[in-house]
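Residue strings, one per chain:
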Amino acid sequence: MGDGCFAGLFVAGTDTEVGKTVVTGGLAAALREDGLDLGVWKPVQSGGETEEERDSYRLRTLSGVADACDEIAPFSFPAPLTPLLAAEAAGVSLSLERIIASGQPLKRRHDALLVEGAGGLAVPLTRNKMMIDLAARLGMPLLLVGRAGLGTINHTLLSVEYARQRGITVAGVILNGCRTGDGDRSVESNAAMIERFGDVPVLGQIPWLEGNVTRAGVIEAIRRHADVERIRGWVEKSMLQKGEGCR
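Please read these numbers as outputs of a predicted model, since none were measured by experiment.

A.B. asks: Summarise the overall build of the chain; cite the residues concerned and give the values.
C.D. replies: From N to C terminus, the chain includes 11 helices and eight strands. Against the 2.2 N^0.38 benchmark of 18 Å for 247 residues, the chain shows a C-alpha radius of gyration of 17 Å, consistent with a compact globule. For the C-alpha atoms alone, the extent of the chain along its principal axes is close to 45 × 40 × 35 Å. Evaluated residue by residue, the chain yields a buried proportion of 50% over its 247 residues. Taking all contacts inside the chain whose residues are at least 6 apart in sequence as the whole, residues at least 24 apart take part in 79%.

A.B. asks: Any chance you could break down helix α8 (residues 152-165) for me, citing the residues and the numbers?
C.D. replies: The first and last C-alpha atoms of α8 sit 20 Å apart over 14 residues, in line with the 20 Å expected at 1.5 Å per residue. Within the sequence span of α8, burial applies to T152, T156, S159, V160 and A163. Here the buried residues of α8 occupy an arc of 100 degrees about the axis, which is enough to place them on one side. For α8, the exposed residues set more than 90 degrees away from the buried face come down to L158 and Q165. Buried residues belonging to α8 abut α7 (131-138), β6 (142-147), β7 (170-178) and α9 (190-198).

A.B. asks: Go over the environment of S189 with me, naming the residues and quoting the values.
C.D. replies: Tracing the backbone shows S189 in the loop between β7 and α9. The spatial distance from the C-alpha of S189 to the C-alpha of N154 is 13 Å, given a sequence separation of 35 residues.

A.B. asks: How would you explain the sheet that holds β7 if you had to name every residue and give the values?
C.D. replies: Pairing in this open sheet of six strands is parallel, and the strands run β2-β5-β1-β6-β7-β8 from one edge to the other. The sheet terminates laterally at β2 (38-41) and β8 (202-207), the two strands that pair on one side only. Each neighbouring strand pair of the sheet contributes to a mean axis angle of 20 degrees, computed without reference to strand direction. Relative to strand β5 (residues 112-116), strand β1 (residues 8-13) is paired through four bridges, and the arrangement is parallel. Counterpart to L9 in the pairing with β5 is L114. Sheet strands in contact with α8 are β6 and β7, and its direction is about 160 degrees off that of β6.

A.B. asks: So, the UniProt feature "binding site: Mg(2+)" (unreviewed entry) in the chain: which residues are in play, and what are the values?
C.D. replies: Using the residue numbers shown here, the UniProt feature "binding site: Mg(2+)" (unreviewed entry) corresponds to T21, D55 and E116. A maximum C-alpha distance of 9.5 Å among these annotated residues, which run over 96 residues, shows that they cluster at one spot. Residue classification places T21 among the buried residues on the basis of a relative accessible area of 9%. Excluding residues that lie within four positions of it along the chain, T21 makes contacts with D55, R58, L59, L62 and E116. Assignment of secondary structure puts D55 in helix α2 (residues 55-63).

Rules and cut-offs
- Residues numbered from 1 in each chain as written.
- Predicted model: local features only at pLDDT ≥ 70, side-chain atom pairs only at ≥ 80, totals over all residues.
- Heavy atoms only, no water.
- Helix = DSSP H or I, 4+ residues; strand = E, 2+ residues; numbered from the N terminus.
- Rg over C-alpha atoms; globule rule 2.2 N^0.38 Å.
- Buried < 20%, exposed > 50% of the residue type's maximum accessible area, 1.4 Å probe, protein only.
- Contact = heavy atoms within 4.5 Å.
- Expected span 1.5 Å × (residues − 1).
- Arc of directions from axis to C-beta.
- Pairing = 2+ DSSP bridges.
- Axes fitted to C-alpha atoms, helices over the stretch in contact; angles between N-to-C directions.
- UniProt positions renumbered as here; feature names shortened; annotations may be inferred.

Given below as structure tokens:
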């Protein structure tokens, strides 16, 4: 059962380093350009020696929000470890209640949020909870980001099934980092296999972005290679449902 009133999408990965931050920031930017009052929230982040190396900075820069980095990522830890261990290394004890409470300012400020998880759904978050427990408590539809190449079918289908077992609605999948000419022939068929065996739509196949990734370049890639309208529909549906449930 979700805590209610959090409208938007929960963006999770099938693994770490699959490009969730770029996808989340780019989607937020495109949807904000289209008139949605959308914020970005990374409840817990770990790693990054400087602010510019952290996901909160990338989310702020890509999305174009005015919110401060410490509002976007209220729990930030220097150790490049899973959130539970990174927090413990900093002497902090996390709980779902503290994490959810930290998102209240952004929830009040924006009509909806794109919430970026850390790693995959089975990442340890607190002493007895995982990232999927946070996703379930927030009650938001799930947008799953996976790598484009070999192995993604297994990782994606397992994540989709795991989410559904917890009662989480899976809005769709985005495959990120599609490359042609590198010899990985699975890229040509992975999306169709995921849709067939997972009964879930692939809402985007984002190409590998070479060199310095700019905000304009990410927005262009999102608009050209993702179904922004369907994703917007999920956000607006969530806004409507949460609005009716929180009166």
